[in-house]
Every structure is written in C-alpha cells, then in structure tokens.
Amino acid sequence: MLLLTVILFVTDRVRTDIVGLMIVVVLGALGILEPKTLLLGFSNEALVTIAAMFVLSAALMRSGLVRALGGKLAEFSRGSPVRFMIMALSAVCFMSAFINNTPVVVVFIPAVLTVCARLGASPSKFLMPISFASMLGGSCTLIGTSSNILIASYAAGIDFEVGMFEFTGVGVVIVLVGMSYLLLLSWRHLP
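Here is what the cut-offs are and how they apply
Residues numbered from 1 in each chain as written. Predicted model: local features only at pLDDT ≥ 70, side-chain atom pairs only at ≥ 80, totals over all residues. Heavy atoms only, no water. Core = buried A, V, L, I, M, F, W, Y, C linked by side-chain atoms within 4.5 Å. Buried < 20%, exposed > 50% of the residue type's maximum accessible area, 1.4 Å probe, protein only. Helix = DSSP H or I, 4+ residues; strand = E, 2+ residues; numbered from the N terminus. Contact = heavy atoms within 4.5 Å. Phe/Tyr/Trp six-rings, centres within 6.5 Å; stacked < 30°, edge-to-face > 60°. Axes fitted to C-alpha atoms, helices over the stretch in contact; angles between N-to-C directions. Parallel < 35°, antiparallel > 145°, perpendicular 65-115°, else oblique. Left-handed = near helix turned anticlockwise from the far one by under 90°. Patch = residues over 30% accessible without salt bridge, like charges linked within 9 Å, V, L, I, M, F, W, Y side chains within 5 Å. Areas by Shrake-Rupley, 256 points an atom, 1.4 Å probe, with all protein chains shown as cover. Salt bridge = Lys/Arg side-chain N within 4 Å of Asp/Glu carboxyl O. Nonpolar A, V, L, I, M, F, W, Y, C, P; charged D, E, K, R; others polar.

Looking at this structure, how should I read the nonpolar core?
What tends to happen in soluble globular proteins is that the nonpolar side chains get buried as a cluster. Membership of the largest hydrophobic core comes to 26 residues, with the highest contact counts inside it found for F84, L89, F108, I130, A133 and M179. Mapped onto this core, the elements with two or more residues apiece are helix 5 (65-76), helix 6 (81-96), helix 7 (101-119), helix 8 (124-138) and helix 10 (168-184). Residue contributions to this core peak at eight residues, all from helix 6. Beyond its immediate sequence surroundings of up to four residues, L89 is in contact with P129, I130, A133, M179, L182 and L183.

Is there a simple way to think about the packing of aromatic side chains in this case?
Using the criterion set out here, one finds three aromatic pairs in the structure. Ring centres 6.5 Å apart and planes at 65° place the aromatic pair F98 and F165 in the edge-to-face group. Placement of F98 in the loop between helix 6 and helix 7 and of F165 in the loop between helix 9 (146-157) and helix 10 is noted, with a sequence separation of 67 residues between them. Taking relative accessible area as the criterion, F98 reaches 31% and is therefore assigned partly exposed. Assessed through its relative accessible area of 52%, F165 is described here as exposed. One aromatic cluster is present, formed by F94, F98 and F165 through successive ring pairs.

How should I be thinking about the packing of helix 7 against helix 8 in this particular structure?
Two measures define how a pair of helices packs: the angle their axes make with one another and the distance between the axes. Where helix 7 meets helix 8, the closest approach of the two axes is 10 Å, and the angle between their N-to-C directions is 155°. For the element pair helix 7 / helix 8, the angle class is roughly antiparallel. In this structure, helix 7 meets helix 8 at a crossing whose hand is right-handed. Two secondary-structure elements touch here, helix 7 through N101, V105, F108, I109, V112, L113 and C116 and helix 8 through F126, L127, I130, S131, S134 and M135.

Sorry if this is basic, but what is going on with the side chain of S186 here?
Relative to the elements of secondary structure, S186 occurs in helix 11 (residues 186-189). Since its relative accessible area comes to 5%, S186 is described here as buried. Every residue in contact with S186, bar those within four places of it in the chain, is listed here: P129 and Y181.

In this structure, what is going on with a nonpolar patch on the surface? I would like to understand it.
A surface patch of nonpolar side chains, about 420 Å² in accessible area, is lined by M1, V26, L30, I32 and L33. Within the secondary structure, M1 is located in the segment before helix 1 (2-11). Exposure remark for M1: the relative accessible area of 40% places this residue in the partly exposed category.

So what exactly am I meant to see when it comes to unusual backbone geometry here?
Leaving glycine aside, a negative phi is the common case for residues, and trans is the common case for peptide bonds. One non-glycine residue, D12, lies in positive phi territory at about 60°. As for its placement among the helices and strands, D12 is situated in the loop between helix 1 and helix 2 (16-29). Of note, the phi angle at D159 is positive, near 60°, even though the residue is not glycine. Note that D159 resides in the loop between helix 9 and helix 10.

What exactly am I supposed to notice about the packing of helix 6 against helix 7 here?
Here helix 6 crosses helix 7 at 170°, and the two axes come no closer than 10 Å. Judged by the inter-axis angle, helix 6 sits roughly antiparallel to helix 7. Residues P81, F84, A91, V92, M95 and S96 of helix 6 form the contact with helix 7, whose participating residues are N101, V104, F108, A111, V112, V115 and L119. Across the contact of helix 6 with helix 7, the residue classes tally to 11 nonpolar, two polar and no charged.

Mind showing me how you'd approach the environment of P129 here?
As for its position among the elements, P129 is in helix 8. Put simply, P129 and Y181 are 52 residues apart on the chain and 9.6 Å apart in space, counted from C-alpha to C-alpha. Residues contacting P129, with those up to four places away along its chain left out, are M85, L89, S124, L182, S186 and L190.

This is how it looks when you write it as structure tokens:
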C-alpha cells in the first residue's frame, strides 16, 4: 500500500489530496486502523489552523484586495524596474506574514508579468525574488507558514505556548538579510 501511494504521488495522475483520502479510506475499510485512530489526525489543532489559513487566503484573493494591491504597485512603480522590485518585494514579504504565501505569489504573478512586458524585462528577475520574499515574510509570524503552525502545535503538546509574534525577532533578521540579498544581488544571478 505504501508503494502504491508513493507511485501515485510521483506519477501525479491522481491529485495528492485524493490519494491521501483514498489511503485513509482503504486503511479503514481493510480494518488496518480503527476509526478512532484513523480520524485522530483531523482533530489536530495545527491541521485545523492550516485549513483555516487556506480559507482566509482564498477569501482575500476572491475579494480582490490582494489583486488590487498588485495593480497599484504596478502603477506606483512608474516604469522603473528597481522601484517595482522594491515595492513588490516589500508588499509580498509583509502580506506573507499574515496570509499563506502561495496565494500572495499567485496574485502577484499577473502584475509582475504585466510590468515585465511594459519594461521589456525578464520575468525571472522578478518572479523568483517575489517567491523568496514570500517565504521570508512567512517566517515572521506564527501563521506565516505551515511550518510555524506545526512547531507551535508540537510545542503546545509539551506545555509550551507559542504566541503570534514569537518568531518575529528572528524572522525580522532573516527578512533583512534575505531582502538585502534579493534587492542587491539577485539581479546579477538571474537570467
């Protein structure tokens, strides 16, 4: 069953979420796991929090708020690739601290491609730094990345509480170093 699961994940013929649910159903149907044990993972606070963050991110995307911000950044850059890079990276980094980073990047892709077409610039010089800026921003808060939520869940299991801004001190240092690199050096290394 494990081999079949790995094959399905690698071949990507069936969506990964469907494969995961199929495995849960098969394990229950064959009696390998009891229903109580099977559903135990769904009661984990971290899983519920991550699911809620995806719902919040989707709501913000569908509301048009994030897209409007991307469009405004393109307007405010006034044709300057450097100005657009600074503004876009800063906005993505900040937003990723409070919204899941994947939707933030997805929403910024059209704005980046539009500005690149106007300026005749290579999209890779913007898209990769934006992706990394979203990861950097996510390191600043508890809800910024799924990893931080999982760490907090584990810590709660051993009676250690992790607050919303517990990661901010280290996260800000990581953001400053990472953003400096992205703004000063990434241009030279990207095609």
